[in-house]
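# Summary of structural features
Spelled out from the first residue to the last, the chains are:
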Amino acid sequence: MIKQVEIIAEVGQAHEGSLGMALAYIDALADAGVNAVKFQVHIAEAESSIYEPFRVKFSQQDQTRYDYWKRMEFTKEQWKILKQRCDEKRVEFLASPFSNAAVDLLEELKVKRYKVGSGEVTNFLLLEKIANTGKPVILSSGMSSYEELDKSVEFLREKNIDISILQCTTAYPSKPENFGLNVIGELKERYRTSVGFSDHSAKKETCIAATALGAEILEFHAVFSRKSFGPDASSSLEIEEIIELLIAIKHISKALENPVDKKDNSRFTDLKGIFEKSLAVNKDLKKGHILNFNDLEAKKPNGYGIKPEDFYKVVGKALLKDCQKWDFLTADMITDV
């Protein structure tokens, strides 16, 4: 049985530090039908410094990356409101912590599991903190080599942590030549665990392809409009696109749950009677004529003449009777020369 694909929609920083906007995203994504709404928990003092450079210098209002993270912070009470709204909408509240302090906050919120972002896979201090909770972990592998990922997986498995791994390309937006869809199968083979795809392409078809290739988890950034302010807007899916994507994913998942047995085509018996054909002659021919390839045509339906697959058995045989153009050719109409 193929597992149903889990859909994680990441709000990330699309809320722009607004509690109201974050709540609006939860409502819209829950109504769209996702399984989990993911946030990022940034505590500026614990994770950053004034020396951190911007990944993309998109902001005129934040002098430093540290200032940006500070503006993105919610208070503990605000996080509780967001968690409560997710509970009310029956979607999982999921978050990526970027500091040990963020893990402490998420533990107070009683999260079910943790998402580890690409840049934190080798942060064993954070992995230790998360592992001490005993909760499942989703690792995003975007910036990790297999050597690095091996160490992180081993570290968590030694602590009996349930792990899922996402193929991820840390590029915003990522281009087709960098999707790394092949890695989905490689991760499954290498780690024998639940594997998914974290997308930054802003294209529905990327997640559809990942599903067809066996991804059990899909994660993507969500935004009301790609024209929005923020570093991730251009690599996000809009709400209407997410709704369309979820419909497509259900169809693909249904297909994967119902493999077709090509050894058995009995269900096509009636259709084969309609679409398959019988041999006929394509011109008036006299008794005694020696049939050649150019005398033959295949016409619908089947069952009225020799099967087209046996045409080579007809070539070189003699007609036992006159034939009119388009007559079906049966075995009793021909003989060896």
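Refer to the structure above for everything that follows.
Description of the structure in this document. Since the model is a prediction, treat every value here as computed from it, not as a measurement.

With that settled, consider the pattern of salt bridges. Applying the stated criterion to the full structure yields 27 salt bridges. A salt bridge links Lys-135 to Glu-107, with the nearest nitrogen and oxygen atoms 3.0 Å apart. Here Glu-107 lies in helix α5 (residues 100-108) and Lys-135 lies in the loop between α6 (124-131) and β5 (137-140), a separation of 28 residues in the sequence. Several salt bridges share partner residues, and in doing so they unite Glu-6, Glu-92 and Arg-113 into one network.

On to the packing of aromatic side chains, then. For any two aromatic rings, the description comes down to two numbers: the centre-to-centre distance and the angle of the planes. Enumeration over the complete set of coordinates arrives at 10 aromatic pairs. On the numbers, 5.7 Å between centres and 75° between planes, the contact of Phe-293 with Phe-311 is edge-to-face. Linking Phe-293 in the loop between β10 (278-281) and β11 (296-299) with Phe-311 in helix α12 (residues 311-314), this pair joins segments that are 18 residues apart in sequence. Among the residues examined, Phe-311 registers a relative accessible area of 34% and is labelled partly exposed. Here a set of aromatic residues connected by ring pairs shows up, and it is made of Phe-39, Phe-74, Trp-79 and Phe-93. Lying over the aromatic face of Phe-155, Lys-159 brings its terminal NZ or CZ to 4.9 Å of the ring centre. The ring of Tyr-146 carries the charged tip of Arg-190 above its face, separated from the ring centre by 4.3 Å.

Conventions used here
- Residues numbered from 1 in each chain as written.
- Predicted model: local features only at pLDDT ≥ 70, side-chain atom pairs only at ≥ 80, totals over all residues.
- Heavy atoms only, no water.
- Salt bridge = Lys/Arg side-chain N within 4 Å of Asp/Glu carboxyl O.
- Helix = DSSP H or I, 4+ residues; strand = E, 2+ residues; numbered from the N terminus.
- Phe/Tyr/Trp six-rings, centres within 6.5 Å; stacked < 30°, edge-to-face > 60°.
- Buried < 20%, exposed > 50% of the residue type's maximum accessible area, 1.4 Å probe, protein only.
- Lys NZ or Arg CZ within 6 Å of the ring centre and 35° of its normal.

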